[in-house]
Amino acid sequence: MSDEARIDRRLRRLERRRSAAVLELGAPGPDADLLRRLIAIALRVPDHGRLEPWRLIVLEGKAKSVAGERLAEAYVSQNPDEDPDRRDKQAAKIVAHFAAAPVAIVVVSCADPQAKKPEWEQVLSAGAVCMNLLTASALAGFGGVWLTGWAAYDEAAKRILGLAAGEKIAGFIHIGTEREKLQDRPRPDPAEKVTFWQAQ
């Protein structure tokens, strides 16, 4: 295979990358060795003067189920005035999301507002970790999705997951095998989103 063909093959895979439906992700997921490689790739992002303003929390197996159940319990206890049916459905959704994919990775943003590098750029670096993780997973043949939702913003939920004060959740990255291939959705037209600057 020529270099051009190899490059084209890799790019075609990325051109087909899309977010999976979290409830359609099942086993198998990446094994321990592959997961370590995916994480190492995820961390190869611009980190702004080696600040490394992020960290990862990996949830697998029973830990994943326990986290989902505890988060659901926290949601119920913090929303006593919500319609009971709606509240219970939301709690069940939280449990289902953490039960579906074999691996869930919490990408934590640890931006330091006192650092020389702008805080916004540190936050972007955490977002780059999320996207690198999705891209590496896709190239490895897995489906993945980047979610946030209630648990990403609730202080009690963040404590359950082990976040420290001031840390934020950039995303929950769920990785597994897609049970069913979904149709792609319409994508942005580069001609409408890209301009080439020229000096006047």
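We now turn to the structure provided with this report. (Residues numbered from 1 in each chain as written. Predicted model: local features only at pLDDT ≥ 70, side-chain atom pairs only at ≥ 80, totals over all residues. Heavy atoms only, no water.)

### A short note on the environment of arginine 86
Threshold: Each helix is a run of DSSP H or I of at least 4 residues and each strand a run of E of at least 2, with the numbering of both proceeding from the N terminus. Between N or O atoms, a polar contact is any pair within 3.5 Å; within protein, one atom must be a potential hydrogen donor and the other a potential acceptor, and residues adjacent in sequence are included only when both atoms are from side chains.
Structurally, arginine 86 can be placed in helix H4 (residues 84-100). Here the side chain of arginine 86 touches glutamate 82 through a polar contact of 2.3 Å, side chain to side chain.

### Some thoughts on the packing of helix H3 (residues 61-78) against H4
Our working definition: Angles run from 0 to 180 degrees between N-to-C directions of axes, and those axes are lines fitted to C-alpha atoms, restricted for helices to the stretch in contact. We call two directions roughly parallel when the angle between them is under 35 degrees, roughly antiparallel when it is over 145, roughly perpendicular when it lies between 65 and 115, and oblique otherwise. For any helix crossing, the convention is left-handed if the near helix is rotated counterclockwise from the far helix by under a right angle, and right-handed if that rotation is clockwise. Note on contacts: a residue pair qualifies if any of its non-hydrogen atoms lie within 4.5 Å across the two residues. Note that Gly is not counted as nonpolar here; it falls among the polar residues with everything else outside the nonpolar set of Ala, Val, Leu, Ile, Met, Phe, Trp, Tyr, Cys and Pro and the charged set of Asp, Glu, Lys and Arg.
Interaxial distance between H3 and H4 falls to 8 Å at its minimum, and their mutual angle equals 165°. The orientation of H3 with respect to H4, classified from their angle, is roughly antiparallel. Judged by the twist between their axes, the crossing of H3 over H4 is right-handed. In contact with Lys64, Gly68, Glu69, Leu71, Ala72, Tyr75 and Val76 of H3, H4 contributes Arg86, Arg87, Gln90, Ala91, Ile94, Val95, Phe98, Ala99 and Ala100. Grouping the constituent residues of the contact of H3 with H4 by class yields 10 nonpolar, two polar and four charged.

### A short note on the packing of helix H2 (residues 32-42) against helix H5 (residues 119-139)
In contact at an axis separation of 8 Å, H2 and H5 are set at 140° when each is read in the N-to-C sense. Looking at the two axes, H2 sits oblique to H5. Once H2 is placed against H5, the crossing between them reads as right-handed. For the pair formed by H2 and H5, the contact residues are Leu38, Ile39, Ile41 and Ala42 on the first element and Val129, Asn132, Leu133, Ala136 and Ser137 on the second. For the contact of H2 with H5, a count of residues per class yields seven nonpolar, two polar and no charged.

### Let's talk about the side chain of lysine 158
Residue placement: lysine 158 occurs in helix H7 (residues 155-160). Leave out the neighbours within four places in its chain, and lysine 158 touches Ala151, Ala152, Tyr153, Leu163, Glu167, Lys168 and Ile169.

These figures come from the coordinates and say nothing about function on their own.
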